[in-house]
Amino acid sequence: MPALLELENISKSFWGIRALDGAGLTVAAGEVHALTGENGAGKSTLMKIAAGLERADSGAIRFTGGAIAMIHQELLPFPEMTVAENICMGAESANAFGWLDKSAMRRRAAELLARLGVDVAPGARMGSLSFAGQQSVEIAKAVGQQASLLIMDEPTSALSARESERLFRIIAELKQRGVAVIYISHRMEEIFRLADTITVMRDGRHVATRPAREFDEAGLISLMVGRDFDAALARRPAKTGAIALEVRNLARPGAFGGISFALREGEILGLAGLIGAGRTEIASAIFGLEPAAAGEILVRGRPARITSPADALAHGIAMVTEDRRRYGFIGGMGVRENVTLGSLRRYCAGGFVRRGAEAAAADAQMRALSIRAASREQPVKYLSGGNQQKVVLARALLADPAILILDEPTRGIDVGAKTEIYGLISRLAAEGKAILLVSSEMNEILSLSDRILVIREGAIAAEVAPQRTTPEEILSYAMPQ
Amino acid sequence: MKRTRPWPPQLGLAIALAALMAGLALARPGFFTLGNLINLVRQISINGILAAGVTYVLLTGGVDLSLGSLVALTGVIAAGFAHPGGYGAAMAVAAGIAAGAVCGAINGLLVTRGRMAPFVVTLGMMTAARGLALLASGGRPVSNLSAAFTRIGSGDFAGIPLPSWILLAVALASHVFLRHMRMGRHVYAVGGNEAAARASGVHVNRVKMACYTVCGAMAGLAGVVLASRITTGQPNAGIGYELDAIAAVVIGGTSLNGGAGGIGGTILGALLIGVINNGLDLLNVSSYYQQVIKGVIIVGAVWLDRSKKS
C-alpha cells in the first residue's frame with residue numbers, strides 16, 4: 001500500500017526538554033494505525049506536528065492526501081452554534097453577497113451525519129449534545145473537509161461503553177471510505193480491536209511498527225515500558241479501622257438520590273458505573289464542589305456541613321478531580337506553587353510564606369511521587385499528563401487528608417505512571433487513609449477496591465466484593481434496565 | 001534546582017526605561033536635574049497608586065473601571081471633612097479611604113455574590129460614583145481646606161514629595177503582600193484558574209472581595225492625595241484615570257486574563273508613562289501627539305510581551 005503520511009527523523013524540544021528525538025511514523029492510506037506509548041513518549045507532540053499545530057525543530061514530513069484532521073481529547077466546538085454550522089465552519093454555503101444558505105448547510109450536514117451513521121439533528125445546538133455527540137459531529141466535519149487522515153487522541157476517554165461502540169462503528173465506516181485513522185489510546189482492548197498496524201513510541205523515539213496481529217498485550221506493554229510489566233496488581237487484604245466517612249440519603253435532583261454508604265479507615269471503596277451515572281456528582285457533593293441538596297455527611301461519626309471544598313478540606317477530606325485541566329491545576333503556576341496551594345498555611349508564619357519550607361515540601365513531594373519536571377518552578381501546563389496528575393495528587397496528599405476521594409485518578413495516563421499511582425493508592429490505604437475511588441476502568445477498580453458500589457442512574461444498584469465478582473457482573477448492574 | 005525562567009519578566013521593560021531616560025538625558029540636559037526628577041516622581045504618584053490598586057483586581061482576572069470616579073467622590077468627601085477647624089486632616093484622610101473601600105467592597109460584592117461581570121459592575125459604579133460626587137458637592141469644587149490636609153499633596157520629606165513616599169509605601173506593601181503572603185498567592189491562584197483554586201480550598205469570593213476593596217481603598221487614597229494637591233475636592237476630577245492606571249499595569253506585564261504579573265511591573269509601567277509624558281513635555285511635543293505616542297506604547301508593550309512568550 002502506498003504511504004499516505006511519512007514522518008521522518010522528527011525532533012522537537014520544549015523548554016530544553018527533548019520531546020521528540022528523531023521520531024518517525026509511516027501511515028498507509030485507509031488503515032487504522034494505533035500509536036502507543038507511555039505519556040510523555042511524544043505521541044501527542046508528533047501528532048501535533050503532523051497536523052501542523054506545532055513546528056518540528058528538524059525532520060521531514062511527507063503527506064500525499066487531501067487534509068489531516070485532528071479530533072482532540074478536549075473538543076473545541078462552537079457550543080452556541082448549531083450542529084450544521086459547526087460542520088460547515090470555514091466552508092459555509094453562501095450566495096454571491098455572502099448571505100448564508102442555511103438550508104444547504106443543513107442538508108450537507110444531514111448527509112454527512114447519515115453517511116457516518118450518526119444520529120444527531122443538524123439543527124440541534126452543539127452545546128446541548130453529549131461529549132460523544134459533539135465528537136461525532138467533529139468527525140463528520142473532518143470528513144466533510146475531505147480529510148484523508150484523522151488523528152484521534154484518546155477519543156474514548158470520556159465515552160461510555162455504548163458510546164465507544166458507536167465510535168468504533170464510525171471508525172469502521174471511515175476505513176471503508178479509504179480514510180486512514182491514527183488512533184492514540186491507552187486502552188488495550190480498543191487497540192487490538194481496531195488497529196491494523198501498531199506503532200510503539202518511547203522517550204520521543206520510534207520503537208517498533210508491526211501489524212497488530214503480531215503483537216500480544218504483554219509484549220506491547222513491555223515494548224512501551226521498555227521493561228517487563230507485571231499485570232497482576234497484588235493488593236493485600238485491608239485491615240480496616242473505624243468508620244471515617246458516612247453519607248446518608250445524599251441526593252441532588254437530576255443527578256443522584258438515596259446514596260448511603262460508610263467508608264472505613266484503611267479501606268478503598270470503589271464506585272463503578274457508566275460515565276454519566278452520577279459517580280462524579282456524588283464525589284463532588286461530598287467534597288463540596290457542588291453540594292448535595294439533601295442528605296447527611298458524617299465525618300468520624302459527626303455531622304459535617306460541607307458547602308465548599310474549603311469546608312471539606314477542613315474536615316480532612318481531599319479530592320483529586322476527574323477534570324484535571326479545569327479543577328486540577330493552575331497551568332501558569334510552577335510545580336511548587338501548585339503542590340502547596342492546598343496547605344500553604346502550614347508553610348506560613350503570620351501570613352507570610354516561608355519560601356525555604358515551602359520549597360522543601362515541594363521537593364519532597366516531587367521525589368516521593370517521582371514528578372518529572374525541569375525544575376520545581378516549571379509551569380505545570382508544560383508537564384505531561386501523568387506528571388500533571390501527580391502534581392494534583394501531591395497537592396491533595398500534602399493536605400494530609402484522612403479521607404481521599406480519587407475520581408478517575410489514572411485517566412489519560414501512561415502505563416508506567418499508572419502503576420506508580422496504583423502503588424501509591426495501596427500504600428495510602430495501608431497507612432490508614434479512607435479512600436473513595438471512582439473509576440471507569442474495570443481492572444483498576446477490581447484490583448484496588450476492597451468493596452465496590454455499582455452506581456446506575458444516580459442510585460446504588462449493587463454492592464459487590466471484588467474477589468467474588470466479574471467485570472460482566474458489574475457491567476450488568478451498571479447498564480440501565 | 002535552577003530556575004527555568006531565563007530572566008525576570010520585567011527586565012526588558014526596565015532596560016527600555018533606562019534607555020529612554022538615557023536618551024532624554026542626552027537630548028535635554030534639563031531632564032536629569034534634581035528638580036525635574038522630583039517633578040517626575042510627583043507626577044506619577046497618583047497614577048502609580050491607582051495602578052497598584054487595580055493590579056490586585058487585574059490579577060484575579062477582573063477589571064475596575066470605577067477608579068476615576070472614585071478619585072472624584074473620595075476627594076470631595078475628604079475635602080468636606082478637611083475644612084479648617086473641622087475634623088482634622090487624619091479624619092479627612094480616613095474618610096476618603098473608607099469611602100473608596102466601601103465602593104470597592106460594593107463592586108466586589110456584586111462580582112462575587114451577584115455573579116456579574118466585573119466590566120458591567122464597575123461601569124455602573126463609575127457612573128454612579130460620579131453622580132454621587134456631583135451630588136455631595138452640589139456640582140461645585142469643595143475648597144477652603146486646612147493647611148494640615150493640603151500639606152499631604154504639597155509637602156515633602158527628605159526632599160522627596162510626600163505623594164511619592166505614599167506611592168513607595170503602597171508599592172512595597174503590595175509587593176510584599178502579593179509575593180510573600182498566603183493571601184497574595186491565593187490572588188494569583190484565583191486569576192490563574194478559579195475552579196482549581198476553589199477545589200484547592202481557596203476562598204475565591206473572599207479573595208476577590210479583598211482585591212476589589214483594596215483597589216477601592218487605593219482609589220480613595222489617590223483621591224485624598226489629589227484633593228490635597230489641588231487644594232479642592234473636584235467632582236469632575238479623575239476622568240479617564242482608570243484607563244491610565246490599567247495602561248500602566250498592562251505595560252508592566254500583568255495579564256488581563258489574571259494570574260500573572262505583579263507590582264514591580266506596574267510601577268515600571270507607571271514610571272514609563274511618566275517619563276514619556278515628562279520627556280515629551282521637555283521636547284516641546286504637543287499633548288495631542290503625546291496621546292498618540294502613549295497609545296502606540298501601550299499596544300507595543302503588550303505586543304512585545306506576547307511575541308516573547310510564543
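Residues numbered from 1 in each chain as written. Chains lettered and ligands numbered in written order. Predicted model: local features only at pLDDT ≥ 70, side-chain atom pairs only at ≥ 80, totals over all residues.

## A look at the overall build of chain B
At step 1: On a plain count of helices and strands, chain B comes out with 13 helices and two strands.
At step 2: By the compact-globule yardstick of 19 Å for 310 residues, chain B fits well, its C-alpha radius of gyration being 19 Å.
At step 3: Along the first, second and third principal axes, the C-alpha atoms of chain B reach 60 × 55 × 35 Å.
At step 4: By residue count, 52% of the 310 residues in chain B fall in the buried class.
At step 5: When contacts within chain B are restricted to residue pairs at least 6 apart in sequence, long-range pairs at least 24 apart make up 79% of them. (Helix = DSSP H or I, 4+ residues; strand = E, 2+ residues; numbered from the N terminus. Rg over C-alpha atoms; globule rule 2.2 N^0.38 Å. Buried ≥ 20, exposed ≤ 12 C-beta atoms within 10 Å, placed from the backbone. Contact = placed C-beta atoms within 7 Å.)

## As for the overall build of chain A
At step 1: The number of helices and strands found in chain A is 16 helices and 21 strands.
At step 2: Along the first, second and third principal axes, the C-alpha atoms of chain A reach 70 × 50 × 45 Å.
At step 3: A total of 481 residues make up chain A; the buried ones form 50% of that total.
At step 4: The contacts in chain A between residues at least 6 apart in sequence include a share of 68% that link residues at least 24 apart.

## Describing the nonpolar core
At step 1: Among the nonpolar cores identified, the biggest contains 172 residues, and B:Ile49, B:Leu50 and B:Met218 are the most heavily contacted of them.
At step 2: With 16 residues, the top contributor of residues to this core is helix H10 (residues 204-229) of chain B.
At step 3: Leaving out residues up to four positions away in the same chain, B:Leu50 has contacts with B:Leu67, B:Met218, B:Ala219, B:Ala222, B:Tyr241 and B:Ala245.
At step 4: Membership of the second largest hydrophobic core comes to 66 residues, among which are A:Leu5, A:Ala69, A:Met105 and A:Ile182. (Core = buried A, V, L, I, M, F, W, Y, C linked by C-beta atoms within 7 Å.)

## Some thoughts on helix H6 (residues 147-154) of chain B
Residues and elements named next belong to chain B.
At step 1: Where H6 is concerned, the buried positions are Phe149, Ile152 and Gly153. The arc that holds the buried residues of H6, viewed along the axis, is 90°, so those residues lie on one side.
At step 2: Tucked into the core, H6 has its buried residues touching helix H4 (89-112), helix H7 (162-180) and H10. (Arc of directions from axis to C-beta.)

## Digging into H7(B)
Residues and elements named next belong to chain B.
At step 1: Along its 19 residues, H7 runs 26 Å from first to last C-alpha, staying within 8% of the 27 Å computed at 1.5 Å per residue.
At step 2: Listing the buried residues of H7 in full gives Pro163, Ile166, Leu167, Val170, Ala171, Ser174 and Leu178. Taken around the axis of H7, the buried residues stretch over an arc of 130°, which confines them to a single face. Pointing more than 90 degrees away from the buried face of H7 are the exposed residues Ala169 and Ala173.
At step 3: Along its buried surface, H7 packs onto helix H2 (34-59), H6, strand S2 (160-161), helix H8 (182-192), H10 and helix H12 (263-282). (Expected span 1.5 Å × (residues − 1).)

## Some details on the sheet that holds strand S20 (residues 451-456) of chain A
Residues and elements named next belong to chain A.
At step 1: Here six strands make up an open sheet; going across it, the order is S15-S18-S19-S12-S20-S21 and the pairing mixed. The outermost strands of the open sheet, each flanked by one partner alone, are strand S15 (317-320) and strand S21 (459-464). Each adjacent strand pair in this sheet contributes to an overall mean axis angle of 20°, direction not counted.
At step 2: Where S15 and strand S18 (residues 403-407) come together, four bridges link them in parallel fashion. (Pairing = 2+ DSSP bridges. Axes fitted to C-alpha atoms, helices over the stretch in contact; angles between N-to-C directions.)

## Things to note about the pairing of strand S19 (residues 434-438) of chain A
Residue and element names in this part refer to chain A.
At step 1: For S19, a buried count of five out of five residues is recorded, marking the element as mostly surrounded by other parts of the structure.
At step 2: Side-chain alternation along S19 places Ala434, Leu436 and Val438 on one buried face and Ile435 and Leu437 on a second face that is also buried.
At step 3: Pairing geometry for strand S12 (residues 268-273) and S19, over four bridges, is parallel. By the bridge assignment for S19, Leu271 is matched with Val438.

## Section: the interface of chain B and chain A
At step 1: Opposite the 24 residues of chain B that make contact, chain A presents 29 residues.
At step 2: Those elements that place two or more of their residues in the side of chain B that touches chain A are H8 and helix H9 (194-199) of chain B.
At step 3: With six residues, the single largest contributor to the side of chain B that touches chain A is H8(B).
At step 4: Among the residues making up the side of chain B that touches chain A, the classes are represented as ten nonpolar, eight polar and six charged. (Nonpolar A, V, L, I, M, F, W, Y, C, P; charged D, E, K, R; others polar.)

## Remarks on the confidence of the model for chain B
At step 1: Looking at chain B, the pLDDT average stands at 92 and 96% of residues meet or exceed 70.
At step 2: As scored by the predictor, the complex reaches a pTM of 0.78 and an ipTM of 0.85. (pLDDT = per-residue confidence, 0-100.)

## Observations regarding the sheet that holds strand S10 (residues 243-252) of chain A
Residue and element names in this part refer to chain A.
At step 1: Read across the open sheet, the four strands follow the order S11-S10-S13-S14; overall the sheet is antiparallel. Because the sheet does not close on itself, it has two edges, and the strands there are strand S11 (256-264) and strand S14 (302-303).
At step 2: The sheet contact formed by S10 and strand S13 (residues 294-299) spans five bridges and is antiparallel. Bridge pairing links Val247 to Ile297 in S13.
At step 3: Its contacts with the sheet put helix H8 (residues 279-287) on S10, S11 and S13, and the angle it makes with S10 is roughly 115°.

## Digging into the packing of H6(B) against H10(B)
Residues and elements named next belong to chain B.
At step 1: Relative to each other, H6 and H10 sit at 105°, their axes nearing to 7 Å. Classified by the interaxial angle, the pair formed by H6 and H10 is roughly perpendicular. In this structure, H6 contributes Phe149, Thr150, Ile152, Gly153 and Ser154 to the contact, and H10 contributes Val224, Val225, Ser228 and Arg229.
At step 2: Broken down by class, the residue content of the contact of H6 with H10 amounts to four nonpolar, four polar and one charged. (Parallel < 35°, antiparallel > 145°, perpendicular 65-115°, else oblique.)

## Here's the deal with the environment of A:Arg125
Residue and element names in this part refer to chain A.
At step 1: Relative to the helices and strands, Arg125 is located in the loop between helix H3 (102-115) and helix H4 (131-144).
At step 2: Arg125 sits in the partly exposed class, given 15 other C-beta atoms within 10 Å.
At step 3: For the pair Arg125 and Ala84, spaced 41 residues apart in sequence, the C-alpha to C-alpha distance is 9.0 Å.

## Here's the deal with unusual backbone geometry
At step 1: Of note, the phi angle at A:Asp203 is positive, near 50°, even though the residue is not glycine.
At step 2: By secondary structure assignment, the location of A:Asp203 is in the loop between strand S8 (197-202) and strand S9 (205-211).

## Points about the environment of A:Ser136
All names here are of chain A.
At step 1: Locating Ser136 in the fold gives a position in helix H4.
At step 2: For Ser136 and Ser447, which are 311 residues apart along the polypeptide, the C-alpha to C-alpha distance reads 33 Å.
At step 3: Apart from the residues within four sequence positions on either side, Ser136 is in contact with Val118, Val120 and Ile170.

## What to know about the packing of H4(B) against H10(B)
At step 1: Relative to each other, H4(B) and H10(B) sit at 150°, their axes nearing to 6 Å. In this structure, the crossing between H4(B) and H10(B) has a hand that is right-handed. (Left-handed = near helix turned anticlockwise from the far one by under 90°.)

## Points about the pairing of strand S4 (residues 58-63) of chain A
All names here are of chain A.
At step 1: With zero of six residues buried, S4 lies mostly on the surface of the structure.
At step 2: Sheet topology note: the strand S1 (residues 3-14)/S4 ladder contains five bridges and is antiparallel. When the bridges of S4 are listed, Leu5 appears paired with Phe63.

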